[in-house]
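Architecture at a glance
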Amino acid sequence: MTNEHYFSPQPSSASQPYVITVALPEGTLRLTTDRGVFSYGALDTGTRLLLLKAPAPAATGNLLDLGCGAGAIAISMAKRSPHAVVWAVDVNERAVALTRQNAEANNVFNVRACLPDDIPADVVFDTIWSNPPIHIGKGPLHDLLLRWLPRLSPTGQVTMVVQKHLGSDSLQTWLTSQGYPTERMASAKGFRLLSTTRATPNAS
Ligand SMILES: C[S@@+](CC[C@H](N)C(=O)[O-])C[C@H]1O[C@@H](n2cnc3c(N)ncnc32)[C@H](O)[C@@H]1O
């Protein structure tokens, strides 16, 4: 179930942990979800699409799960790229704590879950995966993306999943207009998977 206040820094709803198991190509994850954190009690359909269809993350370097929730994306990336460091950020402190707990419970030790300001300023990302927080509104979402996309390495790649009826096509157009060429990689169950890179210097 999606909680409409999933992006509160400190959720007011009482904690009620609920464990789910998620079968993925790299193995089965056992994840504790909680009230006040996105997708309580189930893996989100869009997140599942991303985890099944995204191209392999960079094998080394720094990877980012932007808006980590309970940590499904970060932990999956970390299992696929055990020699990389996966940064998992969220504004929701309960989500950050859950991601830490879930990484440890799945024997994954290359995830660093933290609040956005805690990632050192000199870290650049070779891969960014995100089920972004569309419900924060268009302006804040654009601000969020323009905070993190400039930290993509020159050859880095972003994969994002967005619901079609929540503006995936206009987001694709906007990203491209901002210097981040974006293509639709897959489409299923009302979700679109977007692939974004940095514009090539000197490309007209
Ligand atoms: C759609 S949920 C995805 C959660 C998780 N990655 C998943 O797939 O289940 C988006 C997440 O972004 C977080 N978020 C909202 N605003 C944010 C911000 N400014 N910086 C980082 N994370 C943010 C929300 O708290 C939420 O956990």
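Preceding block: the structure.
Described below are features of the structure shown in this document. Sequence positions are assigned chain by chain, starting from 1 and proceeding in written order. A pLDDT threshold of at least 70 governs which residues receive local features in this predicted model, and a stricter bar of 80 or more applies before side-chain atom pairs are shown or counted, although totals over entire chains, interfaces and linings include all residues.

Concerning the sheet that holds strand S5 (residues 111-114)
Either a parallel or an antiparallel arrangement is found when strands of a sheet pair, and the pairing is made through backbone hydrogen bonds. Our working definition: Note: two strands are recorded as paired if DSSP finds a minimum of 2 bridges between them. Only DSSP runs of H or I covering at least 4 residues are called helices, and only runs of E covering at least 2 are called strands; the numbering of each starts at the N terminus. Every axis in this analysis is a line fitted to C-alpha atoms, fitted for helices over the stretch in contact. Angles between the N-to-C directions lie between 0 and 180 degrees.
Spatial ordering of the open sheet is given by S5-S4-S3-S6-S7-S9-S8, a layout of 7 strands whose pairing is mixed. With one partner strand each, in any of the chains shown, S5 and strand S8 (182-188) form the two edges of the open sheet. On average, adjacent strands in this sheet sit at an angle of 15° to one another, irrespective of strand direction. Sheet analysis places strand S3 (residues 62-66) next to strand S6 (residues 125-130), joined by 3 bridges and oriented parallel. Its bridge partner lying in S6, Leu63 is registered against Thr127.

Re the pairing of strand S7 (residues 152-163)
For clarity, the threshold we go by: Seen with its strands pointing away from the viewer, a crossover is right-handed when the path leading from the first strand over the helix to the second is clockwise.
In this structure, S6 lies alongside S7, joined through 5 bridges in parallel fashion. Pairing of Trp129 across the sheet is with Thr159, part of S7. In this view, the connection linking S6 to its parallel neighbour S7 by way of helix H4 (residues 138-148) has right-handed handedness. Relative to strand S9 (residues 191-196), S7 runs antiparallel, the two being bridged by 6 bridges. By the bridge assignment for S9, Gln163 is matched with Phe191.

Some details on helix H5 (residues 168-177)
As a reminder, the rule being used: For every residue, the other C-beta atoms within 10 Å of its own C-beta are counted; 20 or more classify it as buried, 12 or fewer as exposed, and values in between as partly exposed. C-beta atoms are placed from the backbone. The directions considered for the arc run from the helix axis to the C-beta atoms. Here contacts are defined at the residue level, using C-beta atoms placed from the backbone and a cut-off of 7 Å between them.
Within the span of H5, buried status applies to Ser168, Leu171, Gln172 and Leu175. End-on view of H5: buried residues confined to an arc of 105°, all on one side of the axis. Among the exposed residues of H5, those pointing more than 90 degrees away from its buried face are Asp169, Ser170, Thr173 and Ser177. Looking at the buried residues of H5, the elements they touch are S7, S8 and S9. Of the residues flanking the end of H5, it is Gly179, one or two places downstream, whose phi is positive at about 95°.

Regarding the packing of helix H1 (residues 45-53) against helix H2 (residues 72-80)
Put simply, the test is: Reported orientations rely on four angle classes, namely roughly parallel under 35 degrees, roughly antiparallel over 145, roughly perpendicular from 65 to 115, and oblique for the rest. Left-handed describes a crossing in which the near helix is turned anticlockwise from the far one by less than a right angle; the clockwise case is right-handed. Lys, Arg, Asp and Glu make up the charged group, whereas Ala, Val, Leu, Ile, Met, Phe, Trp, Tyr, Cys and Pro make up the nonpolar group; the residues left over, Gly among them, are polar.
Viewed as axis vectors pointing N to C, H1 and H2 meet at an angle of 10°, and their least axial separation amounts to 11 Å. On the basis of their axis angle, the class for H1 and H2 is roughly parallel. For the crossing formed where H1 meets H2, the hand is right-handed. Of the residues in H2, those touching H1 at Thr47, Leu50 and Leu51 are Ala72, Ile73 and Ser76. Class assignment for the residues of the contact of H1 with H2 results in 4 nonpolar, 2 polar and no charged.

Notes on the nonpolar core
Condition: A set of buried Ala, Val, Leu, Ile, Met, Phe, Trp, Tyr and Cys residues, joined to one another through C-beta atoms within 7 Å, is what we call a nonpolar core.
Counting residues in hydrophobic clusters, the biggest one holds 49 residues, and the most contacted among them are Leu50, Ile73, Ala74, Val86, Ala88 and Val111. Looking at which element gives the most residues to this core, the answer is H2, with 6 residues. Once residues lying within four places of it in the same chain are set aside, the contact partners of Val86 are Leu63, Asp65, Ala74, Met77, Ala78, Asn110 and Val111.

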